[in-house]
Amino acid sequence: MATGNFFQQVTLPQQKSQNDDGLLFPAVLSPSCTTAVQLSTFKEAIGAHKPWLESILLKSGAILFRGFPVTSPFDFNDVIEAFGYPEFSYLGGRAPRTQVVGRVYTANESPLHMELPFHHEMSYVFGSVFLVLVGVYK
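Description of the structure in this document. Model, not experiment: these values are computed from the prediction.

## Overview of a nonpolar patch on the surface
Judged by side-chain polarity, Val132, Val134 and Val136 come together as a nonpolar surface patch covering roughly 330 Å² of accessible area. The residue valine 136 is located in the segment after strand E8 (104–105) in this model. The exposure class assigned to valine 136 is exposed, which follows from its relative accessible area of 74%.

As structure tokens, this is what we get:
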């Protein structure tokens, strides 16, 4: 399935079937064009196709964007901003985190010898978190 000739859904061997209807977790979206995509075009496409992206997110539970030019925390912050969601400040969080840029924070800066127990992100705050965006950089 594609929308606006920009995104295409692809499959990866690591995806898991959620139920009998073949819905895969996570949904994986890549650029539908074979030429290099610019970050500005990716951001515009997020804004233009936000309802479609949200419908995929609600059905599958997660979207993995693969093959897009997000190569730094600065780029990732631009992608976060492109979604246009209000910021949910990380106040009162239990994990030590550092702001990298804009709305991008480190995941956890606890010492390596400390174990991270299974948890639900920000489950203790009043209100709920609608969306958690995760970027991974080497």
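There is more to say, and it comes next.
## Points about the packing of helix H1 (residues 39–48) against helix H3 (residues 73–83)
At a closest axis distance of 8 Å, the pairing of H1 and H3 adopts a crossing angle of 25 degrees. Taken together, the axis directions place H1 and H3 in an arrangement best described as roughly parallel. Where H1 crosses over H3, the two elements pack in a sense that is right-handed. The segment H1 lies against H3, with Leu39, Phe42, Lys43, Ile46 and Gly47 engaging Asp75, Asp78, Val79, Ala82 and Phe83. Here the contact of H1 with H3 is built from residues that sort into six nonpolar, one polar and three charged.

What counts and how
In every chain, residue numbers begin from 1 and rise along the written sequence. Residues qualify for local features only when their pLDDT is at least 70, as the model is predicted, and side-chain atom pairs are given and counted only at 80 or more; totals for whole chains, interfaces and linings, by contrast, use all residues. Working from all heavy atoms in the structure, the side-chain values ignore hydrogens and water. Patches in this entry comprise residues that are over 30% relatively accessible and not in a salt bridge; like charges within 9 Å are linked, as are nonpolar side chains (Val, Leu, Ile, Met, Phe, Trp, Tyr) within 5 Å. Here, Shrake-Rupley sampling with a 1.4 Å probe gives the accessible areas, and only protein chains in the shown set may cover a residue. Salt bridges are defined by distance alone: a side-chain nitrogen of Lys or Arg within 4 Å of a carboxyl oxygen of Asp or Glu. Only DSSP runs of H or I reaching four residues or more are called helices, and only runs of E reaching two or more are called strands; each is numbered from the N terminus. Throughout, exposure labels follow a simple rule: accessible area from a 1.4 Å probe, protein chains only, divided by the maximum for the residue type, with under 20% read as buried, over 50% as exposed, and the rest as partly exposed. Axis definition: a line fitted to C-alpha atoms, over the contacting stretch in the case of helices. Angles run 0 to 180 degrees between N-to-C directions. To sort the angles, those under 35 degrees are grouped as roughly parallel, those over 145 as roughly antiparallel, those from 65 to 115 as roughly perpendicular, and the leftovers as oblique. Crossing chirality is assigned from the near helix's rotation relative to the far helix, an anticlockwise turn below a right angle marking it left-handed and a clockwise turn marking it right-handed. Should any heavy atoms of two residues lie within 4.5 Å, those residues are counted as being in contact. Just so you know the grouping, Ala, Val, Leu, Ile, Met, Phe, Trp, Tyr, Cys and Pro go in nonpolar, Asp, Glu, Lys and Arg go in charged, and all remaining residues, Gly too, go in polar.

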